[in-house]
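# Structure at a glance
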Amino acid sequence: MSELPRHSVSVTAAVFRDDGRVLAIRREDDGRWVPPGGVVELDESPEQAVIREVFEETGVQIKPEILTGVYKNMVLGVVSLTFRCHPVAGEARPSDEALESTWLTLEEVQSRMPEARGIRVMDALREDGPFVRVHDGTRLL
C-alpha cells in the first residue's frame with residue numbers, strides 16, 4: 001500500500017478587544033497581514049496551541065472562547081481550527097515571525113488580509129457557525 005498524503009493541523013486566533021479591533025500580524029516570511037496562529041504540536045491541545053502561538057507571535061496573552069471554523073488549504077493540506085478569543089494581558093509587539101503586530105479595525109482586516117485569512121475573522125463574529133471552508137492559500141474555493 002502506498003504512503004498516503006498527510007495533513008498538518010494548525011490554529012488561528014481571531015482575538016477581539018472590547019473596542020472591536022482585531023489582533024493581526026504582518027508575517028515575516030511573505031509580508032501578508034493575517035490573524036496570528038500556527039502549527040499544533042503533538043503534545044498540546046488546539047486550545048493550548050492557539051494560546052502559545054499568539055503569545056509567541058505577538059506578546060499578547062489570550063483566552064480562547066469558542067471554535068468558530070475549520071479551514072483547509074487545498075494546496076498545502078493544512079487544516080486550521082479558528083478560535084474566537086479575547087486578550088487578557090500583554091501588549092502587541094513584533095517577533096521573529098511577525099514584522100508588525102497590531103490591532104486592526106474590521107475594515108482594515110477586509111482590505112489588508114487575503115480573503116482566506118480575513119474570512120476567519122469575519123466568521124468568528126457570526127453566531128451561526130462553526131464554518132467549514134476550503135481555500136487555495138489566498139482565495140476561497
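Provided above is the structure to which this section pertains.
Anyway, here's the lowdown on the structure attached to this text. What you see is a predicted model, and the numbers here were worked out from it, not measured in a lab.

Secondary structure assignment for the protein yields 3 helices and 8 strands. Over its C-alpha trace the protein gives a radius of gyration of 14 Å, about what one expects of a compact globule, namely 14 Å for 141 residues. Taken over the C-alpha atoms alone, the protein extends approximately 55 × 30 × 30 Å along its principal axes. Per-residue burial over the protein gives 43% buried out of 141 residues.

Quick look at the sheet that holds strand 7 (residues 98–104) now. Judged by pairing direction, the sheet is antiparallel, and its 3 strands sit side by side in the order 3-2-7 without closing on themselves. Each edge of the open sheet carries a strand with a single partner, namely strand 3 (33–34) and strand 7. As paired strands, strand 2 (residues 22–27) and strand 3 are joined by 2 bridges and run antiparallel to one another. By the bridge assignment, Ile 25 is partnered in strand 3 with Val 34. Of the strands in this sheet, strand 2 and strand 7 touch helix 1 (residues 46–58), which is tilted by about 60° from strand 2.

The tally for this structure, following the rule as stated, stands at 14 salt bridges. Between Arg 26 and Glu 100 there is a salt bridge; the shortest N-O distance is 2.7 Å. Taken together, the residues Arg 26 in strand 2 and Glu 100 in strand 7 connect sequence positions 74 residues apart. Judged by its relative accessible area of 24%, Arg 26 falls in the partly exposed class. Of the charged contacts in the structure, one is a salt bridge between Asp 30 and Arg 27, with a shortest N-O distance of 3.4 Å. Of the residues examined, Asp 30 reaches a relative accessible area of 39% and is grouped as partly exposed. When salt bridges that share partners are traced, they join Glu 41, Glu 44, Arg 52, Glu 53 and Glu 56 into one network.

A few words on a nonpolar patch on the surface. Residues Met 74, Val 134 and Leu 141 make up a contiguous nonpolar surface patch of about 290 Å² in total accessible area. By the element assignment, Val 134 lies in strand 8 (residues 131–135).

Taking burial as the measure, the 10 residues of helix 3 (residues 115–124) include 8 buried ones, the bulk of the element. For helix 3, every residue scored as buried is listed here: Ala 116, Arg 117, Gly 118, Ile 119, Arg 120, Val 121, Asp 123 and Ala 124.

As a further point, take helix 1. Between its first and last C-alpha atoms helix 1 spans 18 Å; for 13 residues at 1.5 Å apiece the expected length is 18 Å, and the two agree. On its buried face, helix 1 is in contact with strand 1 (8–15), strand 2, strand 4 (37–39), strand 5 (61–73), strand 6 (78–89) and strand 7. Immediately downstream of helix 1, the backbone of Gly 59 shows phi near 80°, a positive value.

Let us now look at the sheet that holds strand 1. With mixed pairing, 5 strands are arranged side by side in an open sheet as 4-1-6-5-8. Looking at strand neighbours, the two that pair on one side only are strand 4 and strand 8, the edges of this open sheet. Sheet twist, expressed as the mean angle between neighbouring strand axes with direction ignored, is 30°. Inspection of the sheet shows strand 1 paired to strand 4 by 3 bridges, in the antiparallel sense.

Procedures and definitions
- Residues numbered from 1 in each chain as written.
- Predicted model: local features only at pLDDT ≥ 70, side-chain atom pairs only at ≥ 80, totals over all residues.
- Heavy atoms only, no water.
- Helix = DSSP H or I, 4+ residues; strand = E, 2+ residues; numbered from the N terminus.
- Rg over C-alpha atoms; globule rule 2.2 N^0.38 Å.
- Buried < 20%, exposed > 50% of the residue type's maximum accessible area, 1.4 Å probe, protein only.
- Pairing = 2+ DSSP bridges.
- Contact = heavy atoms within 4.5 Å.
- Axes fitted to C-alpha atoms, helices over the stretch in contact; angles between N-to-C directions.
- Salt bridge = Lys/Arg side-chain N within 4 Å of Asp/Glu carboxyl O.
- Patch = residues over 30% accessible without salt bridge, like charges linked within 9 Å, V, L, I, M, F, W, Y side chains within 5 Å.
- Areas by Shrake-Rupley, 256 points an atom, 1.4 Å probe, with all protein chains shown as cover.
- Expected span 1.5 Å × (residues − 1).

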